[in-house]
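Residue strings, one per chain:
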Amino acid sequence: MNRIGVLTSGGDAPGMNTAIRAVVRSADARGAETWAFEDGYTGLIEGRGRVISPRDVGDILHRGGTVLRTARCPEMRTPSGLTAALSSLEESAVEGLIVIGGDGSMRGAHALAGEGVAVVGIPASIDNDIWGTKMSLGVDSALNTIMEAIDKLRDTASSHKRAFLIETMGAGSGFLAGMAGVICGAELVVTPDTDVTVEEIGRIVARAHQRGKHHCFVIVAEGADLDVEGIAGHLRSSGIGFESRVTKLGHVQRGGSPSAFDRMLASRMGIEATNALLDGHSDVMTGLDGWNVALADLGEACSRVKRAGMEYVTMASLLSR
Ligand code: F6P
């Protein structure tokens, strides 16, 4: 291949820039030029792209967001969107494409592969809900952001003897809430996989107060059946000992410089994806398998659902005594 394409798509994730840099520079090392599409699949469909050189990707590996910008692109799910994307690739003389993004982006990549385009995916989403990789780009950075925020909340929570209901992002997967629960010492984690009522939450929080705790965190995943305001309302009306407050961490979780782990993972996945594409692989995705970065089948990744389950929820409860 003389020219490969790259784009970032879906919700941005720390590490996307590091991956772009790795793709461009490892393609250059093998004598291939990189064509960058802007604004995800929207830019691909509209034919908005340009050559991006190894010098153009200097000074970006530590930056959050994505220098190529990103977008949610429902049009990519339509036959006309797919046709426009295929024409755009042909017009730009792009012979293979690397898609950096979340589960929806991987589905777009798989659809392109179904039309004969050589495509390799790099999983990037703070939700960690992409099957075929233990970790996606951005998860570790988002967790570090959550940890820093909750450490700060602990200061004020302990000073006032308060219970905090904290909502994390993560769509329906439950990973961020579950892992944050373990690393931040939550009394309880509520995710789409947990089956708990507000009355039970009230009893758990009350018991923490009776054991002499000075603060209490309940971490609630967005997508869970119960929401933070509803839980707080119940706690306020049922005299659990602690005063309660709500914090929704929101989009701050998606921003910031990628962590050391994400920079390493993005660099490894960028090199692996580029080599795979140039070696003739297609319809695959880079995945972290143990400590190795391997290729996973994109069709399988798109057809399976990855959720956190109860592992972290149980760990957090065990350690909250
Ligand atoms: O997929 C990443 C994510 O941040 C989810 O955790 C969240 O549900 C969603 O994106 C928010 O999307 P948007 O930024 O489009 O509002």
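Basis of the calculations
Residues numbered from 1 in each chain as written. Predicted model: local features only at pLDDT ≥ 70, side-chain atom pairs only at ≥ 80, totals over all residues. Heavy atoms only, no water. Near = heavy atom within 4 Å. Polar contact = N/O pair within 3.5 Å; in protein donor to acceptor, adjacent residues only side chain to side chain. Areas by Shrake-Rupley, 256 points an atom, 1.4 Å probe, with all protein chains shown as cover. Nonpolar A, V, L, I, M, F, W, Y, C, P; charged D, E, K, R; others polar. Phe/Tyr/Trp six-rings, centres within 6.5 Å; stacked < 30°, edge-to-face > 60°. Lys NZ or Arg CZ within 6 Å of the ring centre and 35° of its normal. Axes fitted to C-alpha atoms, helices over the stretch in contact; angles between N-to-C directions. Helix = DSSP H or I, 4+ residues; strand = E, 2+ residues; numbered from the N terminus. Parallel < 35°, antiparallel > 145°, perpendicular 65-115°, else oblique. Left-handed = near helix turned anticlockwise from the far one by under 90°. Contact = heavy atoms within 4.5 Å. Expected span 1.5 Å × (residues − 1). Buried < 20%, exposed > 50% of the residue type's maximum accessible area, 1.4 Å probe, protein only. Arc of directions from axis to C-beta. Patch = residues over 30% accessible without salt bridge, like charges linked within 9 Å, V, L, I, M, F, W, Y side chains within 5 Å. Salt bridge = Lys/Arg side-chain N within 4 Å of Asp/Glu carboxyl O. Lys, Arg positive; Asp, Glu negative; His and termini not counted. Charge placed at Lys NZ, Arg CZ, Asp CG, Glu CD. Pairing = 2+ DSSP bridges.

Draft legend 1. Representation of the site of the ligand. Contacts to the ligand come from Arg-72, Ile-126, Asp-127, Met-169, Gly-170, Ala-171, Glu-222, His-251 and Arg-254. Taking Arg-72, its side chain carries an N or O atom lying 2.9 Å from an oxygen atom of the ligand. Between Glu-222 and the ligand, the recorded distance is 2.5 Å, taken from a side-chain N or O atom to an oxygen atom. Here the ligand loses 69% of its free accessible area of 390 Å² to cover by the protein chains. Split by residue class, the shell around the ligand holds three nonpolar, two polar and four charged.

Draft legend 2. Representation of the packing of aromatic side chains within the structure. For the coordinates displayed, the defined rule picks out zero aromatic pairs. Positioned above the aromatic ring of Phe-175 is the side chain of Lys-306, whose terminal nitrogen or guanidinium carbon lies 5.0 Å from the ring centre.

Draft legend 3. Inspection of the packing of helix H7 (residues 198-210) against helix H8 (residues 228-237) at higher detail. Two elements in contact, H7 and H8, have axes whose closest approach is 9 Å; the angle formed by their N-to-C orientations is 60 degrees. Regarding the angle of H7 to H8, the classification is oblique. Note that H7 runs across H8; the crossing there is right-handed. Taken together, the residues of H8 that come into contact with H7 (itself represented by Val-198, Glu-199, Ile-201, Gly-202 and Val-205) are Gly-230, Ile-231, His-234 and Leu-235. In terms of residue class, the contact of H7 with H8 is built from five nonpolar, three polar and one charged.

Draft legend 4. A look at helix H4 (residues 103-114). Given a rise of 1.5 Å per residue, 12 residues ought to cover 16 Å, and the 17 Å separating the end C-alpha atoms of H4 matches this to within 8%. Listing the buried residues of H4 in full gives Ser-105, Met-106, Gly-108, Ala-109, Leu-112 and Ala-113. Looking down the long axis of H4, one finds its buried residues gathered within 155 degrees of arc, a one-sided arrangement. With its phi angle positive at about 95 degrees, Gly-116 sits one or two positions after the end of H4.

Draft legend 5. Molecular detail of a negative patch on the surface. Where like charges cluster on the molecular surface, the negative patch consists of Asp-195, Glu-199, Glu-200 and Asp-225. In this structure, Asp-225 sits in the loop between strand S8 (216-221) and H8.

Draft legend 6. Representation of the packing of helix H1 (residues 16-29) against helix H9 (residues 260-278) within the structure. With their axes 8 Å apart at the nearest point, H1 and H9 run at an angle of 40 degrees to one another. By the criterion of interaxial angle, the relationship of H1 to H9 is oblique. For the crossing formed where H1 meets H9, the hand is right-handed. Here Thr-18, Ala-19, Ala-22, Val-23, Ser-26 and Ala-27 of H1 come into contact with H9, specifically with Arg-263, Ala-266, Ser-267, Gly-270, Ile-271, Thr-274 and Leu-278. In the contact of H1 with H9, the residues fall into seven nonpolar, five polar and one charged.

Draft legend 7. Geometry of the side chain of Thr-133. Here Thr-133 shows up in the loop between strand S5 (118-123) and helix H5 (139-160). At a separation of 2.7 Å, a polar atom in the side chain of Thr-133 contacts the main-chain amide nitrogen of Leu-288. Apart from the residues lying within four places of it in its own chain, the contact partners of Thr-133 are Pro-123, Met-269, Met-285, Thr-286, Gly-287, Leu-288 and Lys-306.

Draft legend 8. Region of the structure containing the sheet that holds strand S9 (residues 243-248). Reading across the sheet, the four strands line up as S7-S8-S6-S9 and stay open at both edges, with parallel pairing between neighbours. The open sheet is flanked by strand S7 (188-190) and S9, the only strands paired with a single partner. Neighbouring strand axes in the sheet, compared pairwise and without regard to direction, differ in orientation by 20 degrees on average. In the sheet, S7 pairs with S8 via three bridges, with the strands oriented parallel. Paired with Val-189 across the strands is Ile-219, a residue of S8. Contacting strand S6 (162-168), S7 and S8, H7 runs over the sheet at an angle of about 155 degrees to S8.

Draft legend 9. Here's a closer look at the pattern of salt bridges. Under the counting rule described, the total for this entry stands at 17 salt bridges. In this structure, the salt-bridge partner of Glu-187 is Arg-211, at a minimum N-O distance of 2.7 Å. Of the two residues, Glu-187 is situated in the loop between helix H6 (175-184) and S7 and Arg-211 in the loop between H7 and S8; the sequence distance between them amounts to 24 residues. Since its relative accessible area comes to 5%, Glu-187 is described here as buried. It is possible to trace a salt-bridge network through shared partners that takes in Glu-38, Asp-39, Glu-46, Arg-48, Arg-50 and Arg-69.

Draft legend 10. Summary view of the environment of Lys-306. Along the chain, Lys-306 falls in the loop between helix H10 (298-303) and helix H11 (311-318). For Lys-306, a relative accessible area of 14% corresponds to the buried category. Excluding residues within four positions of it along the chain, Lys-306 makes contact with Asn-128, Asp-129, Ile-130, Trp-131, Thr-133, Lys-134, Met-135, Ser-173 and Phe-175. At a separation of 3.2 Å, a polar atom in the side chain of Lys-306 contacts the main-chain carbonyl oxygen of Asn-128. There is a polar contact of 2.7 Å between the side chain of Lys-306 and the backbone oxygen of Thr-133.

Shape descriptors only; they carry no functional weight alone.
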